[in-house]
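Structural overview
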Protein chains: 2
Amino acid sequence: MLFKDIFYHSFVRLCQFINLGDSTFRFYNNSSSFIHGGLDPPNRDTTPVVGQKQIHQRIQQLNFRDCHAKISQVDSQATLGNGVVVQVTGELSNGGQPMRRFTQTFVLAAQSPKKYYVHNDIFRYQVYLVNSWSAYRLFSELFVNGH
Amino acid sequence: MLFKDIFYHSFVRLCQFINLGDSTFRFYNNSSSFIHGGLDPPNRDTTPVVGQKQIHQRIQQLNFRDCHAKISQVDSQATLGNGVVVQVTGELSNGGQPMRRFTQTFVLAAQSPKKYYVHNDIFRYQVYLVNSWSAYRLFSELFVNGH
């Protein structure tokens, strides 16, 4: 249960990252790696940033505001060095934009028996896909009602 | 460059897993954790299997044959314990079935300076989504041509 507790609290904190503004960076430390981007230029982001200060700057650049997230799946496993590896998929909306699917992997590392930091954070928006119902509505408007 | 080499070779081997049949399990060891499933019952898979023998049995149950994979994104970072954490997204077809989107996270751990094993493997098919062009063709057949 301890493992689940650690995971749960860490994950909830991570979900809150996007609305924490300037305090977000405290979950990382100087050995943390962070990448957050899409699949295409100019938001492709091919090189992770490393270190608490650098991650703080990058999060500020990402300009999170009025974020909404839906989580569809979370898996976690114990990993090397008493860490926890977590894979999350879901949808995220930032600044009033439509929800976009994302995949995120993070590795939590123990700082002390009850304190963890984020050692790795890999976040990618996915290829633009729409679900079948949205597609139906879109195309029925275009090709049924419109013609 | 060494890191990239390690990653590349490990990743290529992982991509080949699905067509390696009975030799697949040798990339795992007795401390490895493995989960491979969808999002809904009965393929939900909520508990990882642990250990080389158990993973071998699980892979046999998954009945991989005539697999095809398309990789859309790979990210990797050095992680705890001289390991490598990798996040992969793409599409996979098994046994002549349609391509399905998946997300996979794995952690590679050093066995010796040039030899790695898979310490963690988290594989999830994603919510069934179709791209807009497929959806257009589907719904135009149903609602334009058919009515």
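Residues numbered from 1 in each chain as written. Chains lettered and ligands numbered in written order. Predicted model: local features only at pLDDT ≥ 70, side-chain atom pairs only at ≥ 80, totals over all residues. Heavy atoms only, no water.

Going by what an unreviewed UniProt entry lists, chain A is known as NTF2 domain-containing protein and is assigned to Ranatra chinensis.

1. Re the overall build of chain A
Scanning chain A for helices and strands turns up 3 helices and 6 strands. Walking chain A from its N terminus toward its C terminus, one meets helices and strands in the order α-β-β-α-β-β-β-β-α. Relative to its full complement of 147 residues, chain A shows a buried share of 46%. The contacts of chain A with a sequence gap of at least 6 include a subset with a gap of at least 24, amounting to 46%. Accessible surface computed for chain A: about 7,900 Å², of which carbon and sulfur atoms make up 52%. (Helix = DSSP H or I, 4+ residues; strand = E, 2+ residues; numbered from the N terminus. Buried < 20%, exposed > 50% of the residue type's maximum accessible area, 1.4 Å probe, protein only. Contact = heavy atoms within 4.5 Å. Areas by Shrake-Rupley, 256 points an atom, 1.4 Å probe, with all protein chains shown as cover.)

2. Describing the sheet that holds strand 6 (residues 115-125) of chain B
Residue and element names in this part refer to chain B. Reading across the sheet, the 6 strands line up as 2-1-6-5-4-3 and stay open at both edges, with mixed pairing between neighbours. Bordering the open sheet on either side are strand 2 (49-50) and strand 3 (68-79), each of which pairs with just one other strand. Two elements, strand 5 (residues 100-112) and strand 6, share 10 bridges in a ladder whose sense is antiparallel. Across the sheet, residue T105 finds its bridge partner in strand 6, namely I122. Helix-sheet contacts for helix 2 (residues 52-62) involve strand 1 (28-37) and strand 2, and the interaxial angle to strand 1 is about 30°. (Pairing = 2+ DSSP bridges. Axes fitted to C-alpha atoms, helices over the stretch in contact; angles between N-to-C directions.)

3. Describing helix 2 of chain B
Residue and element names in this part refer to chain B. Taken as a whole, helix 2 has its buried residues at I55, H56, R58, I59 and L62. Around the axis of helix 2, the buried residues are gathered within 165° of arc, so they sit on the same side. Along helix 2, exposed side chains directed more than 90 degrees from the buried face belong to K53 and Q61. The inward-facing, buried residues of helix 2 abut strand 1 and strand 2. Two residues or fewer after helix 2 comes N63, characterised by a positive phi angle close to 55°. (Arc of directions from axis to C-beta.)

4. Some points on the pattern of salt bridges
Scanning all chains against the criterion turns up 4 salt bridges over all chains. A salt bridge links R124(A) to D75(B); the shortest N-O distance between them is 2.6 Å. Taken together, the residues span two chains, with R124(A) in strand 6 (residues 115-125) and D75(B) in strand 3. Accessibility assignment for this pair places R124(A) and D75(B) in one class, buried. (Salt bridge = Lys/Arg side-chain N within 4 Å of Asp/Glu carboxyl O.)

5. A look at the pairing of strand 5 (residues 100-112) of chain A
Residues and elements named next belong to chain A. Sheet analysis places strand 4 (residues 83-93) next to strand 5, joined by 9 bridges and oriented antiparallel. Its bridge partner being in strand 5, V85 is matched across the sheet by V107. Joining the antiparallel neighbours strand 4 and strand 5 is a turn of 6 residues, in which G95 adopts a positive phi near 60°. The antiparallel hairpin formed by strand 5 and strand 6 contains 2 residues in its connecting segment.

6. Topic: the environment of G37(A)
Residues and elements named next belong to chain A. Here G37 is to be found in strand 1 (residues 28-37). What makes G37 buried here is its relative accessible area of 5%. Between the C-alpha atom of G37 and that of I122, which follows or precedes it by 85 residues, the distance is 8.7 Å.

7. Some words on the sheet that holds strand 4 of chain A
What the 6 strands build is an open sheet, ordered 2-1-6-5-4-3 (chain A); its pairing is mixed. What marks the edges here is a single partner per strand, and that holds for strand 2 (49-50) and strand 3 (68-79) of chain A.

8. So, the confidence of the model for chain A
When the pLDDT values of chain A are averaged, the result is 74; 65% of them are 70 or greater. Reported for the predicted complex are a pTM of 0.76 and an ipTM of 0.76. (pLDDT = per-residue confidence, 0-100.)

9. Section: the packing of aromatic side chains
Residues and elements named next belong to chain A. Summed over all chains, the structure comprises 6 aromatic pairs over all chains. Between F123 and Y125, the aromatic rings sit 5.1 Å apart at their centres with planes inclined by 85°, giving edge-to-face as the arrangement. Assessed through its relative accessible area of 4%, F123 is described here as buried. Looking at Y125, the relative accessible area reads 9%, which means it is buried. (Phe/Tyr/Trp six-rings, centres within 6.5 Å; stacked < 30°, edge-to-face > 60°.)

10. Focus on the pairing of strand 4 (residues 83-93) of chain B
All names here are of chain B. For strand 4, the buried fraction is high: 10 of the 11 residues fall into the buried class. Pairing of strand 3 with strand 4, which is carried by 11 bridges, proceeds in the antiparallel orientation. Residue T79 lies in a different strand from strand 4, and its bridge partner there is G83. Here strand 3 folds back onto strand 4 in antiparallel fashion, the turn holding 3 residues, of which G81 has a positive phi close to 60°.

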